Structure formats: C-alpha cells, structure tokens
Amino acid sequence: MDDPVTTALTNLLHRLADDHSGAVADYIPELAAVDPHSLGAAMVSVHGDLYHGGDSEIEFTIQSVSKPFVYALALSDLGLDEVTRHVGFEPSGEPFNAISLEATTGRPANPLINAGAIVTTALVTGADREEKFSRIHAILSAFAGRNLGIDETVYASESATGDRNRALAYLTLSQGVLAGPVEDVTDVYFRQCAVRVTTIDLAVMAATLANGGVNPVTAERVIDAEIARITLSVMSTCGMYDYSGEWMVQVGLPSKSGVGGGIVSALPGEFGIGVFSPRLDPRGNSVRGKAALAEMSQRFGLHVFTAPTGHRSPIAGSHIDNKVLTVQLQGEIDFVSAERIVRHLQEMAATYPITRIDLDLTHVTTVRTSGSELLTATFTDLRARQIAVHATSPDPSPLLELAGESRVDSG
C-alpha cells in the first residue's frame, strides 16, 4: 500500500501525462533521440525518506543541473572570494547560452549560465582534465549517494556540436577569467553534462543541499553548510535562467533546470525534489517538470518564503520539585525555539525560588548556532544568580553547545 506522499506524486504525474507541449532539445543530436513521453518525480526528506512515482528510475543526462553542484565543489576548493573573482552572482536575464559578461570585470554574470559554468568548471582543482573530471564525477556521485554513470555517446555528441560553448570559453579567456586552456576546460564541461542520473538521484542531491551539505541517505558530509547555503542562494536567483524571477514568485523553490529535461529543487531544512520530462519550453526548462513543481508548491505550501502558521513548542514538559525546575526539550533548537525556552526559564526563575534547572535533551534533534548562543548567554546569567544549570542527554556529543559550561550527563 502506497503512503500518502507517493500517492500524491503519482496522482500529480497522472494529471500531467496528457500535456505534450514543448519539444525535446535537438541542438545536441543525441538528446533529440530521447523518449519525449517520459515523466517522473521523486522527493527525499532531510531524514532520508524517499517518495517517487512515474519514470523515476529512468536514467538521463544531467546537463545543466550539474552546474550548482560543480559550483559548490569550486567553492570548497578555493573559497568564495577567489571564485567570485572569476564569476559573479547576478541573474543575467538572458538565455542560458548568451554572452553575459560584466562590462567592468569580464566575469560571467553567474555560475548557472553556460559561460559561468564553464569558468566554474575550470576553477575545480586538478592537475589535468582527467583529474578535474574525476573530482567532478566524484562530487556528483557523493551528492547522489551512488556512483553515477557517464553517457559516452551524449558526451561525444556534445563535443562535436559544442562550438558555441567553446566560443564562450574563448571570450572568458580573453577577459582573463578562465583558469585553463579552452579545449581542456570545455572537454571536462561536456563530460560533466553527460553524467547519467535519475529523478531519485536528483532528489537525493537536492536533499543534500537542503540538509546543509550532509547526504541524508549516506550520512556523508559532502560540502560545508555555508557552501550549501551559498549554492542554494544562487539557485534561487539564477537557476531557471531568464525565468528565475517569475519562478521564485510563483513556485518559490531554489531550483536548477537542464536541457536533458531534469529539474532539481530544494526546500532548505526539509527536502529535495527531482523531476524529469524531456519536452522543453523556449527557455530550456522542462514543461511538465515546471508544472509539477508549481502544483506541488501551491497545493502543499512549499514556497520558501511562506511564513509558518505555527511553531511547535520546544518544551515538552516542565515541573518544579524541591526548588529544582526540570524541563524536557524537544525537536530542533533554532533561534525561535531558544527564545521560547529562555522566556520560560526566566519567568519560572522570577516566580519561584529555584536553585537548580535540569534540562532533559533526550528528544532534541538539532541545535542551531543561533539557538545555542542565546541559551548559553542565558545559562551564564542564571549561574550568576546562583541557579545551577544541568543538562542530561543519552547522546550528549551533538548537544554540548546547548549545555554551555554546564555539566552534561549521558545515560
């Protein structure tokens, strides 16, 4: 028996099945040969739960969906300042293969258009083209949680018809922002675009970004949380090319499309989505993929800027016995949760003759830095008022920041 999420995905795909608008990409001959009727979707939560429907296990080439993940690798190698010397952040407002170089710096507008992606690929550390591609292939596989294949036929087709991309590379070379020989860089770029994925792979990759760089299926840290944040930010403003602004207004999910028919989307802290349908609109985005994500966003309130209607209390229970206040905490401790905990502790300390506070962290799942700092300052204030603060957790290691200088008991 299917779960409700899988049922909802399956029903959504069934409603979109009769939409035959758009056309498959034909400027790369091998892409023109794909089955235009394929349609699949998958969702992976930050807890690693998978839901999928339709043609979710059919492989296709990743194409431009690879760009944000390679950007993340370049950031990991060189840092934001150095990468930003070569490629900017701004939406181009132009097609994906346009010449979008800044007049003053010569940089491509952003890393998610072709010119910017080629420059970004060149920045990946490696002694030669083989090592660069090996590292790109490894990071894409780590994001997906499995070793991804390569479509050599599509690679050869892209290489044979890739003169416009070579021209973009020569232009960036002439501006002093391309870090490598044109033929080497574009060869790596063509191979990068020919990596094979499924919608399930895309969902896992997006969920890894949504999970702060940790793959929720393999539990492997792929990139730092700060790099995941930067990557999602660029996806939100530039990921759907000259449709990016309208996309964020209407759908509101950081996303990246590819001419192979895939789209990857993420809701930070919650889940990743992958969709696949080869027919494209004039901007190079999957027609049914866009429609699927738009309906999901509207029906389920997934827009990243939707204000929460409520916030689960971080306090599961609280009682006083013999001047000892015991508080059971739960869930994620972010700034909002920490503020509620602080207010509760302060009110109880002002109302009752408390000499000690015991915090039960057994059901706390995550402690955000903002929440930890607020609570640590509060614990310092309580100790100055001669109120001891103790914390107990069966697994204290991820919760040490929450306890501050207080004693943490395990077991």
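Residues numbered from 1 in each chain as written. Predicted model: local features only at pLDDT ≥ 70, side-chain atom pairs only at ≥ 80, totals over all residues. Heavy atoms only, no water.

1. Section: the side chain of Gln-63
Tracing the backbone shows Gln-63 in the loop between strand E3 (60-61) and helix H2 (67-78). Side-chain polar atoms of Gln-63 contact the side chain of Glu-158, separated by 2.7 Å. Those residues within four positions of Gln-63 in sequence are excluded, and the remaining contacts are Ile-28, Leu-31, Val-154, Glu-158, Cys-193, Gly-258, Val-259 and Gly-260. (Helix = DSSP H or I, 4+ residues; strand = E, 2+ residues; numbered from the N terminus. Polar contact = N/O pair within 3.5 Å; in protein donor to acceptor, adjacent residues only side chain to side chain. Contact = heavy atoms within 4.5 Å.)

2. Observations concerning unusual backbone geometry
In most cases, non-glycine residues show a negative phi, while peptide bonds are predominantly trans. Phi at Ala-219 is positive, roughly 65°, even though this residue is not glycine. Along the chain, the position of Ala-219 falls in the loop between helix H9 (199-210) and helix H10 (225-238). Phi angles above zero are rare outside glycine, and Lys-323 is one such case at about 70°. Here Lys-323 is to be found in the loop between strand E8 (315-321) and strand E9 (324-333). Lys-323 sits in the partly exposed class, given a relative accessible area of 45%. (Buried < 20%, exposed > 50% of the residue type's maximum accessible area, 1.4 Å probe, protein only.)

3. Focus on the sheet that holds strand E5 (residues 255-257)
As summarised here, the arrangement of the five strands in space is E2-E1-E7-E6-E5, forming an open sheet in which the pairing is antiparallel. With partners counted over all chains shown, the strands left at the sheet margins are strand E2 (50-54) and E5, one partner each. Adjacent strand axes in the sheet meet at a mean angle of 10°, parallel and antiparallel pairs treated alike. Sheet topology note: the strand E1 (residues 40-45)/E2 ladder contains five bridges and is antiparallel. Bridging across to E2, Val-44 finds its partner in Leu-50. Sheet strands touched by H9: E1, E2, strand E6 (262-267) and strand E7 (271-276). Its angle to E7, the strand with the most contacts, is close to 150°. (Pairing = 2+ DSSP bridges. Axes fitted to C-alpha atoms, helices over the stretch in contact; angles between N-to-C directions.)

4. Thoughts on the pattern of salt bridges
A complete count under the given rule lists 19 salt bridges for this structure. Two residues, Asp-358 and Arg-356, come together in a salt bridge whose shortest N-O distance is 2.7 Å. Residue Asp-358 is classed as buried on the basis of its relative accessible area of 17%. Residue classification places Arg-356 among the partly exposed residues on the basis of a relative accessible area of 30%. Several salt bridges converge on common partners, so that one network encompasses Glu-59, Arg-146, Asp-151, Arg-196 and Asp-201. (Salt bridge = Lys/Arg side-chain N within 4 Å of Asp/Glu carboxyl O.)

5. Topic: the pairing of E8
Relative to E9, E8 runs antiparallel, the two being bridged by six bridges. Residue pairing for E9: Asp-321 is matched across the bridge by Val-324. Here E8 hands over to E9 after two residues, with Asn-322 in that stretch at a positive phi of 55°.

6. What about the nonpolar core?
Residues Leu-140, Phe-143 and Ile-223 are the most contacted members of the largest nonpolar core, which totals 44 residues. Those elements that place two or more of their residues in this core are H2, helix H5 (129-144), H9, H10 and E6. Membership of the second largest hydrophobic core comes to 23 residues, among which are Leu-13, Leu-16, Leu-39 and Leu-302. (Core = buried A, V, L, I, M, F, W, Y, C linked by side-chain atoms within 4.5 Å.)

7. Considering the packing of aromatic side chains
By the definition in use, this model includes four aromatic pairs. Considering the side-chain rings of Phe-60 and Phe-276, the 3.9 Å spacing of their centres and the 0° angle between planes classify their relative orientation as stacked. In this pair, Phe-60 is assigned in strand E3 and Phe-276 in strand E7, connecting sequence segments 216 residues apart. Side by side, Phe-60 and Phe-276 carry an identical accessibility label, which is buried. (Phe/Tyr/Trp six-rings, centres within 6.5 Å; stacked < 30°, edge-to-face > 60°.)

8. Quick look at the packing of helix H4 (residues 114-123) against helix H7 (residues 163-174)
Interhelical geometry of H4 versus H7 gives an angle of 70° and a closest axis separation of 9 Å. Between H4 and H7, the interaxial angle falls into the category roughly perpendicular. Our pair here, H4 against H7, has a crossing hand that is right-handed. On H7, the residues that touch Asn-114, Ala-115, Ile-118 and Val-119 of H4 are Asn-165, Leu-168, Ala-169 and Thr-172. A breakdown of the residues in the contact of H4 with H7 according to their chemical character gives five nonpolar, three polar and no charged. (Parallel < 35°, antiparallel > 145°, perpendicular 65-115°, else oblique. Left-handed = near helix turned anticlockwise from the far one by under 90°. Nonpolar A, V, L, I, M, F, W, Y, C, P; charged D, E, K, R; others polar.)

9. Thoughts on the UniProt feature "binding site: substrate" (unreviewed entry) in the chain
The sites that UniProt annotates as "binding site: substrate" (unreviewed entry) are Ser-64, Asn-114, Glu-158, Asn-165, Tyr-189, Tyr-241 and Val-259. Along the chain, the position of Glu-158 falls in helix H6 (residues 152-160). Among the secondary structure elements, Val-259 is positioned in the loop between E5 and E6. (UniProt positions renumbered as here; feature names shortened; annotations may be inferred.)

10. Observations concerning helix H14 (residues 369-384)
With 16 residues, H14 ought to run about 22 Å at 1.5 Å a step, and its terminal C-alpha atoms sit 23 Å apart, in line with that. Those residues of H14 not exposed but buried are Gly-371, Ser-372, Leu-375, Thr-378, Phe-379 and Leu-382. An end-on view of H14 places all buried positions within 135° of arc, on one side of the element. The outward face of H14, more than 90 degrees from its buried face, is lined by the exposed residues Glu-373 and Ala-384. Among the residues trailing H14, Gln-386 stands out with phi positive, at a value near 65°. (Expected span 1.5 Å × (residues − 1). Arc of directions from axis to C-beta.)

11. Considerations on the environment of Ile-341
Locating Ile-341 in the fold gives a position in helix H13 (residues 335-351). Accessibility expressed as a relative area gives 1% for Ile-341, which makes it buried. Placed 34 residues apart in sequence, Ile-341 and Leu-375 show a C-alpha to C-alpha distance of 8.0 Å. Each residue touching Ile-341, except ones within four places of it in the same chain, is listed here: Pro-314, Ile-315, Leu-329, Ile-333 and Leu-375.

12. Considering the pairing of E1
Here is the key point about a regular strand: its side chains alternate between the two faces of the sheet. Buried residues dominate E1, accounting for six of its six residues. On E1, burial covers both faces: Gly-40, Ala-42 and Val-44 on one face and Ala-41, Met-43 and Ser-45 on the other are all buried. Hairpin remark: E1 followed by E2, antiparallel, with four residues in the connecting loop; positive phi at Gly-48, about 90°. Across six bridges, E1 lies against E7 in antiparallel orientation. Of the residues in E7, the one forming a bridge with Ala-41 is Val-275.

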